[in-house]
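# Working through the structure, step by step
Here is how the chains run, residue by residue.
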Amino acid sequence: MAKKKRPTKAQREHMDRVVQLGCIVCLNLGYEDSPAEFHHTRTSAGGAQKSDVVLGIPLCPIHHRTGGPGLAIHAGQKTWEAHFGTEEELIAQVHELLGVGQWPITERA
């Protein structure tokens, strides 16, 4: 089994900034100050791999993992994206809110 790499300082800082935005889905639904956790998207990743942290989005527990089908991305991504937008669209929105380019440059782990 391959050893998991720990995020670098720059990656942790980016993840913290993303989470501080609050849940992107709740924000788009008009709810503010919704606590969020970091969702590692599958964008630009193959198989069961996670994409680089610069492609993560902030989601509350309900929209991330506990809300069930239609509410939580991990309960069915296609249905979730039909309701709330694609990961790519939400990544672009997060980057716009953070004031960073399409693919921000951070040091790699």
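Residues numbered from 1 in each chain as written. Predicted model: local features only at pLDDT ≥ 70, side-chain atom pairs only at ≥ 80, totals over all residues. Heavy atoms only, no water.

### Some thoughts on the overall build of the protein
For the protein, the count of helices and strands is five helices and two strands. Listed by position from the N terminus, the elements making up the protein come as α-α-β-β-α-α-α. Here the protein holds 109 residues, and the buried ones make up 39% of them. Considering only intrachain contacts with a sequence separation of at least 6, the fraction spanning at least 24 residues in the protein is 54%. Carbon and sulfur atoms form 53% of the exposed surface of the protein, whose accessible area is close to 6900 Å². (Helix = DSSP H or I, 4+ residues; strand = E, 2+ residues; numbered from the N terminus. Buried < 20%, exposed > 50% of the residue type's maximum accessible area, 1.4 Å probe, protein only. Contact = heavy atoms within 4.5 Å. Areas by Shrake-Rupley, 256 points an atom, 1.4 Å probe, with all protein chains shown as cover.)

### Here's the deal with the state of the cysteines
Under the counting rule described, the total for this entry stands at zero disulfides. Free cysteine: C23, not disulfide-bonded; nearest cysteine sulfur from C26 at 3.7 Å. Look at C26 and you get buried, because its relative accessible area is 8%. (Disulfide = S-S within 2.5 Å.)

### Focus on the nonpolar core
In terms of nonpolar packing, the biggest core is built from 20 residues, with C23, I24, V25, I57, L59, W80 and V94 touching the most fellow members. Where this core is concerned, the elements lending two or more residues are α1 (9–20), α2 (24–28), β2 (57–59), α4 (77–84) and α5 (87–98). The contacts of C23, once residues within four sequence positions are left out, are S34, P35, A36, P58, L59, C60 and H63. (Core = buried A, V, L, I, M, F, W, Y, C linked by side-chain atoms within 4.5 Å.)

### Some details on the side chain of H63
Along the polypeptide, H63 turns up in helix α3 (residues 61–66). A relative accessible area of 6% means that H63 is categorised as buried. Apart from the residues lying within four places of it in its own chain, the contact partners of H63 are C23, V25, C26, L29, L71, A72, I73, W80 and F84.

### Examining the environment of V53
Within the secondary structure, V53 sits in the loop between β1 (37–39) and β2. Residues V53 and H39, 14 residues apart in the sequence, show an inter-C-alpha distance of 8.9 Å.

### What about α5?
The terminal C-alpha atoms of α5, which comprises 12 residues, lie 16 Å apart, in line with the 16 Å expected from a rise of 1.5 Å per residue. Tucked into the core, α5 has its buried residues touching α1, α2, β1, β2 and α4. Where α5 terminates, the next one or two residues include G99, which has phi positive at roughly 75°. (Expected span 1.5 Å × (residues − 1).)

### Concerning α4
Taken together, the buried positions of α4 are occupied by W80, E81 and F84. Axial view of α4: buried residues confined to an arc of 100°, hence all on one face. Those residues of α4 that are exposed and angled more than 90 degrees off the buried face are K78, A82 and H83. Each element contacted by the buried residues of α4 is listed here: α2, β2, α3 and α5. Downstream of α4 by a residue or two, G85 has a phi angle that is positive, lying close to 110°. (Arc of directions from axis to C-beta.)

### Details of the confidence of the model for the protein
Per-residue confidence for the protein gives a mean pLDDT of 85, with 80% of residues at or over 70. For the protein, α1 is the element with the lowest average pLDDT, namely 92, and α2 is the one with the highest, namely 98. Scored below 50 in pLDDT, residues 104–109 shows 17 contacts in the model against residues more than four places distant or in partner chains. (pLDDT = per-residue confidence, 0-100.)

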